[in-house]
Amino acid sequence: MFDNLSEKLGGILNRLTRRGSLTEADVDAAMREVRRALLEADVSLEVVKSFTDKVREQAIGATVVKSVTPGQMVVKIVHDELVATLGSDAQIIDLNAVPPVPIMMVGLQGSGKTTTTAKLARRLTQRDKRRVLMASLDVYRPAAMEQLAILGRDLEIDTLPIVEGQQPAQIARRAIEAAKLGGYDVVLLDTAGRTTLDDEMMAEAAEIKAVASPHEVLLVADSLTGQDAVNLARAFDTQVGLTGIVLTRVDGDGRGGAALSMRAVTGKPIKLMGTGEKTDALEDFHPSRIAGRILGMGDVVSLVEKAASHLDAEKAAAVAEKMRKGQFDLSDMREQLLQMTKMGGIGGLMGLMPGIAKMKSQIAASRIDDKVLNRQIAIIDSMTRQERKNPDILKASRKKRIAAGAGLKVEEVNKLLKMHRNMADMMKAVGRGKGGPMAGLAQAMGFGGGMPSPEQIKAMQEQQAQGGGLPELPKDLPPSLRGGLPKLPGLTGLSGKPTLPGLGGFPGFGKKK
Amino acid sequence: MNDTTETKKPSWWRRLSSGLKRTSSSIGTALAEFVTKRKLDRAMLDEIEDVLLRADLGTEVSARIAAAVGVGRYDKMISAGDVKTIVAAEVEKVLAPVAQPLVIDAAKKPFVILMVGVNGSGKTTTIGKLAAKFSAEGRKVMLAAGDTFRAAAIEQLKVWGERTGAPVISGTQGSDSAGLAFTALTAAKDDHRDVLLIDTAGRLQNKAELMNELEKVVRVIKKVDASAPHAVLLVLDATVGQNALSQVEAFSRTAGVTGLVMTKLDGTARGGILVALAEKYKLPVHFVGVGESVEDLAPFTAADFAKAIAGTDSGS
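Residues numbered from 1 in each chain as written. Chains lettered and ligands numbered in written order. Predicted model: local features only at pLDDT ≥ 70, side-chain atom pairs only at ≥ 80, totals over all residues. Heavy atoms only, no water.

As recorded in an unreviewed UniProt entry, chain B goes by the name Signal recognition particle receptor FtsY, listed as coming from Rhodopseudomonas rhenobacensis. Looking at chain B in UniProt, the text filed under Catalytic activity (unreviewed entry) is "GTP + H2O = GDP + phosphate + H(+)". In its Subunit (unreviewed entry) section, the UniProt entry covering chain B states "Part of the signal recognition particle protein translocation system, which is composed of SRP and FtsY. SRP is a ribonucleoprotein composed of Ffh and a 4.5S RNA molecule." (UniProt positions renumbered as here; feature names shortened; annotations may be inferred.)

Within an unreviewed UniProt entry, the label attached to chain A reads Signal recognition particle protein, and the organism entered is Rhodopseudomonas rhenobacensis. The Subunit (unreviewed entry) comment attached to chain A in UniProt states, word for word, "Part of the signal recognition particle protein translocation system, which is composed of SRP and FtsY. SRP is a ribonucleoprotein composed of Ffh and a 4.5S RNA molecule." Under Catalytic activity (unreviewed entry), UniProt gives the following word-for-word description of chain A: "GTP + H2O = GDP + phosphate + H(+)".

Colleague: Pulling in residues and values, what's your account of the overall build of chain B?
Modeller: Tallying secondary structure elements over chain B gives 12 helices and 10 strands in all. Counting across all 316 residues of chain B, residues that qualify as buried make up 58%. Considering only contacts in chain B between residues 6 or more positions apart, those separated by 24 or more positions represent 78%. When the accessible surface of chain B is totalled, it reaches about 12200 Å², and 53% of it is carbon and sulfur. (Helix = DSSP H or I, 4+ residues; strand = E, 2+ residues; numbered from the N terminus. Buried < 20%, exposed > 50% of the residue type's maximum accessible area, 1.4 Å probe, protein only. Contact = heavy atoms within 4.5 Å. Areas by Shrake-Rupley, 256 points an atom, 1.4 Å probe, with all protein chains shown as cover.)

Colleague: Go over the side chain of Thr191 of chain A with me, naming the residues and quoting the values.
Modeller: Tracing the sequence through the fold places Thr191 of chain A in the loop between strand 4 (186-190) and helix 9 (199-212). For Thr191 of chain A, the contacting residues outside a window of four places in its chain are Met104, Met105, Val106, Lys113, Leu137, Asp138 and Ile208 of chain A.

Colleague: Requested: an account of the packing of helix 8 (residues 168-182) of chain A against helix 9 of chain A, with residues and values cited.
Modeller: Residue and element names in this part refer to chain A. Orientation of helix 8 relative to helix 9, taken along the N-to-C sense of each, is 20 degrees, at an axis distance of 9 Å. Here helix 9 runs roughly parallel to helix 8, going by the angle between their axes. Both helix 8 and helix 9 take part in a crossing whose hand is right-handed. On helix 9, the residues touching Pro168, Ala169, Ala172, Arg173 and Ile176 of helix 8 are Glu204, Glu207, Ile208, Val211 and Ala212. Along the lines of polarity and charge, the residues of the contact of helix 8 with helix 9 split into seven nonpolar, no polar and three charged. (Axes fitted to C-alpha atoms, helices over the stretch in contact; angles between N-to-C directions. Parallel < 35°, antiparallel > 145°, perpendicular 65-115°, else oblique. Left-handed = near helix turned anticlockwise from the far one by under 90°. Nonpolar A, V, L, I, M, F, W, Y, C, P; charged D, E, K, R; others polar.)

Colleague: Would you mind going over the pattern of salt bridges in detail, with residue names and values included?
Modeller: Residue and element names in this part refer to chain A. Here the structure, examined in full by the defined rule, presents 29 salt bridges over all chains. As a salt-bridge pair, Arg401 and Glu387 come within 2.9 Å of each other at their nearest N and O atoms. Taken together, the residues span a long stretch of sequence, with Arg401 in helix 20 (residues 396-406) and Glu387 in helix 19 (residues 385-389) at a distance of 14 residues. We classify Glu387 as buried; its relative accessible area is 0%. A single network of salt bridges, built from pairs that share partners, joins Arg123, Arg127, Asp128 and Asp284. (Salt bridge = Lys/Arg side-chain N within 4 Å of Asp/Glu carboxyl O.)

Colleague: Tell me about the nonpolar core, and please be specific about residues and values.
Modeller: One finds Leu95, Leu196, Ile221, Leu260 and Leu277 of chain B to be the most contacted residues of the largest nonpolar core, which totals 76 residues. Per-element tally for this core: the top contributor is helix 5 (residues 80-95) of chain B, with seven residues. Non-local contacts of Ile221 of chain B, meaning those with residues more than four positions away in its chain, are made with Val112, Leu114, Ala181, Leu185, Ile198, Ala228 and Pro229 of chain B. Core analysis: the next-biggest nonpolar cluster, separate from the first, contains 63 residues, Val34, Phe51 and Ala258 of chain A together with Leu53 of chain B among them. (Core = buried A, V, L, I, M, F, W, Y, C linked by side-chain atoms within 4.5 Å.)

Colleague: Describe in detail helix 8 (residues 177-190) of chain B, supporting the description with residues and values.
Modeller: Residue and element names in this part refer to chain B. Across its 14 residues, helix 8 extends 20 Å between first and last C-alpha, which sits within 8% of the 20 Å expected from 1.5 Å per residue. Those residues of helix 8 lying buried are Ser177, Ala178, Leu180, Ala181, Ala184, Leu185 and Ala188. Buried residues along helix 8 cover an arc of 155 degrees about the axis, so they all sit on one side. Against strand 3 (111-116), strand 4 (141-144), strand 5 (168-169), strand 6 (195-198) and helix 9 (208-224) lie the buried residues of helix 8. Between the side-chain oxygen of the N-cap and the backbone nitrogen of Ala178 there are 3.4 Å, and the N-cap of helix 8 in question is Asp176. Just beyond helix 8, the residue with positive phi is His192, at close to 50 degrees. (Expected span 1.5 Å × (residues − 1). Arc of directions from axis to C-beta. Polar contact = N/O pair within 3.5 Å; in protein donor to acceptor, adjacent residues only side chain to side chain.)

Colleague: Describe the packing of helix 6 (residues 113-126) of chain A against helix 7 (residues 144-155) of chain A, listing the residues and the values that go with them.
Modeller: Residues and elements named next belong to chain A. Following both chains from N to C, one finds helix 6 and helix 7 inclined at 25 degrees, their axes separated by 10 Å at the closest point. As judged from the angle between their axes, helix 6 and helix 7 are roughly parallel. Here helix 6 runs over helix 7; the crossing is right-handed. From helix 6, Thr114, Thr115, Thr117, Ala118 and Arg122 reach across to helix 7, where they touch Gln147, Leu148, Leu151 and Leu155. Its residues assigned to classes, the contact of helix 6 with helix 7 comprises four nonpolar, four polar and one charged.

Colleague: Go over the side chain of Lys271 of chain A with me, naming the residues and quoting the values.
Modeller: With respect to the secondary-structure elements, Lys271 of chain A resides in strand 7 (residues 270-274). Other than its neighbours up to four places away in sequence, Lys271 of chain A contacts Gln91, Ile92, Ile93, Asp94, Glu216, Leu218, Thr243, Gly244, Ile245, Glu283, Asp284 and Phe285 of chain A.

Colleague: Lay out helix 6 (residues 123-136) of chain B in plain terms, naming residues and giving numbers.
Modeller: Residue and element names in this part refer to chain B. With 14 residues, helix 6 should cover 20 Å at 1.5 Å per step; its first-to-last C-alpha distance of 20 Å lies within 8% of that length. With respect to burial, helix 6 is a largely interior element, 10 of its 14 residues being buried. Residues of helix 6 that are buried: Lys123, Thr124, Thr126, Ile127, Gly128, Lys129, Leu130, Ala131, Ala132 and Phe134. At the exit of helix 6 stands Gly138, carrying a positive phi of roughly 85 degrees.

Colleague: Go over the packing of aromatic side chains with me, naming the residues and quoting the values.
Modeller: For the coordinates displayed, the defined rule picks out one aromatic pair over all chains. Directly above the aromatic system of Tyr184 of chain A lies the positively charged group of Arg131 of chain A, at a separation of 4.4 Å from the ring centroid. Directly above the aromatic system of Trp160 of chain B lies the positively charged group of Arg163 of chain B, at a separation of 4.7 Å from the ring centroid. (Phe/Tyr/Trp six-rings, centres within 6.5 Å; stacked < 30°, edge-to-face > 60°. Lys NZ or Arg CZ within 6 Å of the ring centre and 35° of its normal.)

Colleague: Can you break down the UniProt feature "domain: SRP54-type proteins GTP-binding" (unreviewed entry) in chain B residue by residue, with the values?
Modeller: Within this structure's numbering, the places UniProt gives as "domain: SRP54-type proteins GTP-binding" (unreviewed entry) are residues 284-297 of chain B. Here residues 284-297 of chain B is 0% helix and 43% strand, with 16 Å between the C-alpha atoms at its ends.

Colleague: Help me get a handle on the pairing of strand 1 (residues 101-106) of chain A, residues and values and all.
Modeller: Residue and element names in this part refer to chain A. For strand 1, a buried count of six out of six residues is recorded, marking the element as mostly surrounded by other parts of the structure. Of the two faces of strand 1, the one lined by Val101, Ile103 and Met105 and the one lined by Pro102, Met104 and Val106 are each fully buried. With four bridges joining them, strand 1 and strand 5 (residues 216-222) adopt parallel strand pairing. Note that in strand 5 the partner of Met104 across the bridge is Val217. (Pairing = 2+ DSSP bridges.)

Shown next as structure tokens:
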């Protein structure tokens, strides 16, 4: 969601970084542009004002003028201030209470409460191994209770049986009772959507809160919200009392201003964000990483974390070993493609790569979607084992057979083979170095050995299984973060055109005209 | 009959005003704070611009309207009332051309209306309200439960079908929405229905796959009736900010949006983005939703909306 804002801020700050010395007027001009960019990103006006004031004050200070690269200092100040505005530390859902721990979800109509409730329930069940009970308190919208019941059935998470004619507060009481009797760890209360002007409905929310005494009261808010985000967050906070915020539709192309605004005016942390339609698309909110994303520095830590939770460490190690020996065959490539689809497909990965914002629109224009990955897997599936091991034996007749088997054209088989050759060559080159399969990625990005080896990934997986997140940015990871705006090392290095690091000559990616 | 419409009108006006109360009062008070008769200068114009920005009018439109307030008035004494009137007039100027009712062409049988929008904007609820409105006008309505993705979306539309007496064509959750549109349109034709309202799943406009799916729905509808869909309504949530511009752009490209509906104006949200949209895309705004009940879907009128935004009239 932050792409557009990243592009804008990136452009403004880039102009600054190129300059040798900065005058006060330079900073002022840049701040006017930053103000505009933030407003266009729906950051609320009051937050924009205090933000630009703070940045300006620091930027005009002596440290900047005297530093060798004043422009980069300003970028650093903007980054630090963004992090400060978003909240410095990641805060997770707090389950430290006597079970069943009640969690209450509130928000406007259509902000995504029911979907978020299901996502959170799934995460608590599968990742944190808690027994969760979900209850819908929405007696107003047609089929709202059925919606949660269906989601619960699909996810195999219990929902409170629907009793017609009960009031929300009664249902809340029944849910807590049922959770106690049933030995549940967490009970999620999904309330009806309400506007903050509707006094009756706000009173109802307060009543539910009084009955359930929830340990967490989460405001579910749409990241596409405009200037109203501040009123909304403030009103829910004063009238109901919040413990945190969940941002939804973060995968849209909104510019994320609501995130900055709501955190700034309520002081309540953004704890989670919804990043897709599927029930597993829920992520922790890490302010420093998001600030990096806003500035176009990419979110390498999330990328690695994502890799850690989806990669099969042993398979990764096996592939790495093969790479070192320069034997990367089509079966290995199939494995890699499969892992890419597991990690959220191309779109999911791209959002996390540094400096990809611009390429993203090119990719959308070229209509490369995840179907491409599936087709490529289909092509490899249509080969014999011998062919996968030794693609050199593929001549016209074999290719024809494979194309027919995959339901595609011979050209596409050729494209895949070319891609494999490119990848194999690149990996051979990389494989001579140390490190795991991610080392290619790391190297291409200019992060040196900052990327984890399979052993490290395995360690991370264990850490994740224990419920802990990853530590913050490893010190040696993105030097660009400290140095100023990303120079996008490696991404533009080869031919002046962006290439996807580590993925070699993926057709249509790097060579998009 | 006349009586009821007479009593209804102030009711919707009051609702819109109360919905926009925060907007108007915040603009109103903000303006009053600094313009109790003082000289109009650069600082005052900046403040007017800020006030408009806070109502989601966007940077361009806010700057333009603030500038318009300054034309010919620089260095003159001006009152809060004057400023509000000028702001309202400027807003109305932009909105007047887009305030157009949705005209159902009786020659098209059925008149096919496709509802599109991002998740949670209020498509299904708006369909329910439109179905009630068209039924009350004596039209034979049919509904198509084209949101085959969200859990219980089909059930939600069926409830509306029961309430309004309109038959609902539905498949199972997860089935192909284009196929359903085909079935529904064929059924509506055979049954000589006047209006067919097709629901679609909410989708973010930057998801290429989902937008392709929507494109397919339109394509398939055209196979049955080349002139359909006769109206494609983009449903916008009043809380939405500048992202609405991108929504209009993308949905127009994919589905050929013919008009807008803005929902949830009964909250604190200001809906000022409509002004920016009107200036940039000039798409008709057919309805605004100002509450949960069926009669809360009202035709959009530029003057009322402009007045409510500028806070020139309390509406009572």
